[in-house]
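Spelled out, the chains give:
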Amino acid sequence: MSLFTINAIIILNADDGSRIFAKYYTSPHHQGGAHAQTPTSPYADLKSQKSFEKGLLEKTAKQTADIILYDNRIVLYKAESDVMMYVVGGVDENEIMLYNVVLCLRDSLHLLFKQSVDRRTILENFDLVSLAIDEMVDDGIILETDPTIIVQRVSKAPTQDVAQLKGIDLSEQGMNNLAQFGKAKLGDWLRQGL
């Protein structure tokens with residue numbers, strides 16, 4: 001048993017199958033015992049990834065279910081406007097956890113964009129989408145499945161940094177004071193022999 005559960009998170013354009021976002025994860029642990037080679041991803045190169053994504057979209061385009069078994073992997077997906085969101089896991093993974101991840105992805109994007117989730121909105125806010133997915137899954141390990149927490153982490157600056165920045169004087173006089181303070185400290189250190 002391993003914490004590594006997600007093989008890939010993919011967002012595709014439902015109309016033409018083009019890739020909007022894709023992140024593939026490789027398990028850092030050996031799966032085959034002591035004689036196993038270094039782990040490699042089943043979709044290590046771009047050609048195999050594109051082939052997998054094309055077949056995945058063809059298989060799911062006309063279906064209304066949320067889960068399929070494709071290429072010996074469990075795939076959970078959600079259609080939203082003109083995009084398809086996929087979470088891919090191993091065949092022995094817990095479907096409910098994978099389903100929670102795909103729901104979290106969909107709901108986080110809804111909360112972040114406050115409008116419909118479509119290809120154009122995702123591309124315009126690609127940085128937020130990438131951050132949200134990184135907050136959900138790190139190297140294939142599920143970290144968080146609550147969309148409100150994801151949105152809070154992605155959309156706000158850390159509060160401790162904001163509090164420290166309030167007391168800084170960024171005017172010309174403030175910069176001069178900072179330079180004088182630095183000169184005085186450097187002089188003290190040089191006199192003390194560092």
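Residues numbered from 1 in each chain as written. Predicted model: local features only at pLDDT ≥ 70, side-chain atom pairs only at ≥ 80, totals over all residues. Heavy atoms only, no water.

**Digging into the overall build of the protein**
Consideration 1: What the protein contains, in helices and strands, is seven helices and seven strands.
Consideration 2: Element order for the protein, N to C, with α for helix and β for strand: β-β-α-β-β-β-α-α-α-β-β-α-α-α.
Consideration 3: Every one of the 194 residues in the protein was classed for burial, and the buried ones make up 37%.
Consideration 4: At a minimum sequence separation of 6, the contacts of the protein that also span at least 24 residues come to 53%.
Consideration 5: For the protein, the exposed surface amounts to about 12,200 Å²; the carbon and sulfur share of it is 53%. (Helix = DSSP H or I, 4+ residues; strand = E, 2+ residues; numbered from the N terminus. Buried < 20%, exposed > 50% of the residue type's maximum accessible area, 1.4 Å probe, protein only. Contact = heavy atoms within 4.5 Å. Areas by Shrake-Rupley, 256 points an atom, 1.4 Å probe, with all protein chains shown as cover.)

**Focus on the confidence of the model for the protein**
Consideration 1: Predicted confidence across the protein gives a mean pLDDT of 84, with 84% of residues reaching 70 or more.
Consideration 2: Considering only residues more than four positions removed or in separate chains, one finds that residues 33-39, a stretch of pLDDT under 50, has eight contacts. (pLDDT = per-residue confidence, 0-100.)

**Structural notes on the environment of S116**
Consideration 1: Examined against the element boundaries, S116 turns out to sit in the loop between α2 (95-113) and α3 (119-124).
Consideration 2: For the pair S116 and E80, spaced 36 residues apart in the sequence, the C-alpha separation amounts to 8.2 Å.

**Focus on helix α4 (residues 126-136)**
Consideration 1: Every buried residue of α4 is listed here: V129, A132, I133 and M136. End-on view of α4: buried residues confined to an arc of 95°, all on one side of the axis. (Arc of directions from axis to C-beta.)

**Let's talk about helix α7 (residues 172-192)**
Consideration 1: Between its terminal C-alpha atoms α7 stretches 30 Å, which fits the 30 Å expected from 21 residues at 1.5 Å a residue.
Consideration 2: Trailing α7 by a residue or two, G193 shows a phi angle of about 85°, which is positive. (Expected span 1.5 Å × (residues − 1).)

**Quick look at the side chain of T121**
Consideration 1: Looking at the secondary structure, you find T121 in helix α3.
Consideration 2: Relative accessible area serves as the criterion here: at 8%, T121 is assigned to the buried category.
Consideration 3: In this structure T121 touches F113, Q115 and S116, once residues within four positions along its chain are discounted.

**Remarks on a nonpolar patch on the surface**
Consideration 1: Together, L170, M175, L178 and F181 give the surface a local cluster of nonpolar side chains, amounting to about 450 Å² of exposed area.
Consideration 2: As for its position among the elements, L178 is in helix α7. (Patch = residues over 30% accessible without salt bridge, like charges linked within 9 Å, V, L, I, M, F, W, Y side chains within 5 Å. Salt bridge = Lys/Arg side-chain N within 4 Å of Asp/Glu carboxyl O.)

**Considering the nonpolar core**
Consideration 1: In this structure, I6, I9, I11, L109, I122, I133 and M136 are the most contacted members of the largest nonpolar core, which totals 31 residues.
Consideration 2: Sorting the residues of this core by element identifies β1 (6-13), β2 (19-24), β4 (73-80), β5 (83-90), α2, α4 and α5 (147-155) as the ones contributing at least two each.
Consideration 3: The dominant element in this core, judged by the number of residues it contributes, is α2, at eight residues.
Consideration 4: Those residues in contact with I122, other than ones at most four positions away along the chain, are I11, I20, V83, L109, F113, V117 and V129.
Consideration 5: Listed in part, the 15 residues of the second largest apolar core include A8, L56, L57 and Y70. (Core = buried A, V, L, I, M, F, W, Y, C linked by side-chain atoms within 4.5 Å.)

**Describing the pattern of salt bridges**
Consideration 1: Summed over all chains, the structure comprises eight salt bridges.
Consideration 2: The salt bridge partner of E144 is R153, with a shortest N-O separation of 3.9 Å.
Consideration 3: The exposure class assigned to R153 is partly exposed, which follows from its relative accessible area of 45%.
Consideration 4: One network of salt bridges, with partners in common, ties together E135, E144 and R153.

**Some details on the packing of α2 against α5**
Consideration 1: Between α2 and α5, whose axes approach to 9 Å, the crossing angle comes to 50°. Classed by the angle they form, the pair α2 and α5 counts as oblique. Two packed elements cross with a definite hand, and for α2 against α5 that hand is right-handed. Contacts between α2 and α5 involve C104, D107, S108, L111 and L112 from the former and P147, T148, I150, V151, V154 and S155 from the latter. (Axes fitted to C-alpha atoms, helices over the stretch in contact; angles between N-to-C directions. Parallel < 35°, antiparallel > 145°, perpendicular 65-115°, else oblique. Left-handed = near helix turned anticlockwise from the far one by under 90°.)

**Focus on the packing of aromatic side chains**
Given two aromatic rings, their pairing is described by the distance between the two centres and the angle made by the two planes.
Consideration 1: According to the stated counting rule, one finds three aromatic pairs in the structure shown.
Consideration 2: Here the aromatic rings of F21 and F126 are separated by 5.7 Å at their centres, their planes lie at 50°, and the arrangement is tilted. Of this pair, F21 sits in strand β2 while F126 sits in helix α4; the two residues are 105 residues apart in sequence, bridging distant segments of the chain.
Consideration 3: Classification of F21 as buried rests on a relative accessible area of 6%.
Consideration 4: Among the residues examined, F126 registers a relative accessible area of 34% and is labelled partly exposed.
Consideration 5: Measuring from centroid to centroid gives 5.9 Å for Y77 and Y86, while their planes differ by 40°, and the two rings are tilted. Neither Y77 nor Y86 differs from the other in exposure class; each is buried. (Phe/Tyr/Trp six-rings, centres within 6.5 Å; stacked < 30°, edge-to-face > 60°.)

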